[in-house]
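Here is what each chain is made of, one letter per residue.
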Amino acid sequence: MKDMATLLIKNIILNGQKRDLLIDDNKIAKIDNAISGDADKVIDGKGKRVIPGFINTHSHSAMTLTRGKYEDMSLQKWLDKIWNLEAKLDEEMIYWGTKLAALEMIKSGTTAFVDQYWMIEQGVKATKEMGIRSLHSEVVLDGLDESTFEKNCAKVIEAHQKSKDWENDFTQFSITCHAAYTVTPKLFKWCADYARKNDLIFQFHLAESRKETQDSFNQYGLSPTQYIDSIGGMDCKAIAAHAVWVDDKDIDTLAKRGVTVVHNINSNLKISSGYKFKYNEFRNRGVNVALGTDGCGTSNNLDMIETMKTTAMLQKAWRENPTSMPLNELLDMASINGYNAIGVDAGKIEVGKIADIILIDTFSPVFVPNYNFEANLVYAANGSCVDTVICNGRVLMENRVVEGEREILENAQYQVDRLSKLIND
Ligand SMILES: [Zn+2]
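Sequence order sets the numbering: in each chain, residues are counted from 1 along the sequence as written. It should be noted that, the model being predicted, local features are given only for residues of pLDDT at least 70 and side-chain atom pairs only at 80 or more, the latter also being counted only at that level, while totals for whole chains, interfaces and linings use all residues.

A look at unusual backbone geometry
Keep this limit in mind: Under the scheme used here, helices are H or I runs from DSSP no shorter than 4 residues and strands are E runs no shorter than 2 residues, and both carry numbers assigned from the N terminus. Exposure classes come from backbone-placed C-beta atoms, where a residue is buried if 20 or more other C-beta atoms lie within 10 Å of its own, exposed if 12 or fewer do, and partly exposed in between.
Cis geometry marks the peptide bond from Val368 to Pro369, where omega comes out at -5°. At Asn11, a residue that is not glycine, the phi angle is positive and equals roughly 55°. For Asn11, the location among the structural elements is in strand E1 (residues 6-14). For Asn11, a count of 15 C-beta atoms within 10 Å translates into the label partly exposed. The phi angle at Asp25 is positive, at roughly 60°, despite the residue not being glycine. On the secondary structure map, Asp25 appears in the loop between strand E2 (17-24) and strand E3 (27-32). Taking the number of C-beta atoms within 10 Å as the measure of exposure, Asp25 has 15 and is therefore partly exposed.

In structure tokens:
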């Protein structure tokens, strides 16, 4: 992986037309029938399609280390086991867990991700080395214990100060309050206010399960959405994960507050928290909807193509309406909508846009015939059709080769072996 000034992709198919595409520094500089002249690197795009890279807008990246560890158990039992395991994670484990996640994301065409995990400096280090765009967050969770308020505020301020050593447009800092049921109203409000005053993105899990929603009505007389709004939690640049259990009033509130909602269908399905995501209602009211995988503990992989497929299948199935999830909207949810949420001008193949782009190899059975490329991509292919990944103008993968892949796999396995000795199940 090396910085380069110009990158020329020859003979690539863009929107059904053969084109040359020139990247200068980190932006798409020119798209034309034939571009001549010298470039620092030339890629032959013959037989490939160019599309915007995907953004995984909700993840807990180092949970790759928990992949497949606890299966077929109740949510509460699963949570108890995961929390016990996570308490044993150290910096080295989180570093290699994040490297593993970044490798998997690059190999399946993801060029950016929004992360929530502990020890963010390890996540930042791993991600920067891998060259993938990211937004990391300080995660706040006080277990509804108000006596820790001052301590938690100080932690947020300290993390924010420290982030000034590494933060830039490519690797951003944000604040996360885990959820309304794990954070006191006082701290939740303080974090949202702090995010607004410092122009930071603020994240939280919202209305993920039926139980969470019923508990909120019982405790506050309000849905989770109305409750968080009532304490000022949406009075900032907010990204809310899940929002499965919402009504029309909630959707109006999310629209009014400009909250980005992230749909994580595979995680929702696997932990049986719900699947009737109201995409059409969100869209019709102008809510920005993006897609995520959630952590590998519940989604098992970070494949955004699989995520798109499941999203579309479930939307069509529960509504009994095959027109409810058009392909172009689905692709926007996996790319530009997430980029808009983090304020990055990517997600489209146009001159002037940031070059977070991927090349898809169509010389494969699943792309023949090619009546509809987008349909083949979402419904027939999977992440392994991604041939080349370019992020911020830098080549992270070419011909499916990522530098250092073997070392990452071996080290991640070594960390899993260390972790296994610390947990007794
Ligand atoms: Zn999550």
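Some words on the domain arrangement of the protein chain
Accessible area lost upon the coming together of the parts serves often as the stated size of an interface. Just so we agree on the cut-off: Start and end points for every domain follow an automatic or database-based domain assignment. Residue pairs are scored as contacts if the distance between their C-beta atoms, which are placed from the backbone, is within 7 Å. Three classes are used: nonpolar for Ala, Val, Leu, Ile, Met, Phe, Trp, Tyr, Cys and Pro, charged for Asp, Glu, Lys and Arg, and polar for all others, with Gly counted as polar.
According to the domain assignment, the protein chain contains domain 1 (6-52 + 358-405) and domain 2 (54-341). Of note, the centres of domain 1 and domain 2, computed from C-alpha atoms alone, are 29 Å apart. Each partner contributes residues to the interface: domain 1 has 19 residues there, and domain 2 has 21 residues. At the level of elements, helix H15 (373-380), strand E15 (386-391) and strand E16 (394-397) are the ones that each hand at least two residues to the side of domain 1 that touches domain 2. Looking at the side of domain 1 that touches domain 2 element by element, the count peaks at 5 residues for H15. Looking at the side of domain 1 that touches domain 2 residue by residue, the class counts come to 13 nonpolar, 3 polar and 3 charged.

Some remarks on the environment of Cys177
Note on placement: Cys177 falls in strand E9 (residues 171-179). A C-alpha to C-alpha distance of 8.5 Å links Cys177 and Leu187, two positions 10 residues apart in sequence. Apart from residues lying up to four places away in sequence, Cys177 is in contact with Val140, Val183, Phe188, Cys191 and Phe204.

A few points about the pairing of E3
To keep things clear, this is the line we draw: Strand pairing is assigned whenever DSSP identifies at least 2 bridges connecting the two strands.
One ladder, built from 5 bridges, connects E2 with E3; its direction is antiparallel. Following the sheet pairing, Ile23 is matched in E3 by Ile28. The turn linking E2 back onto E3 is made up of 2 residues, and Asp25 within it adopts a positive phi angle of 60°.

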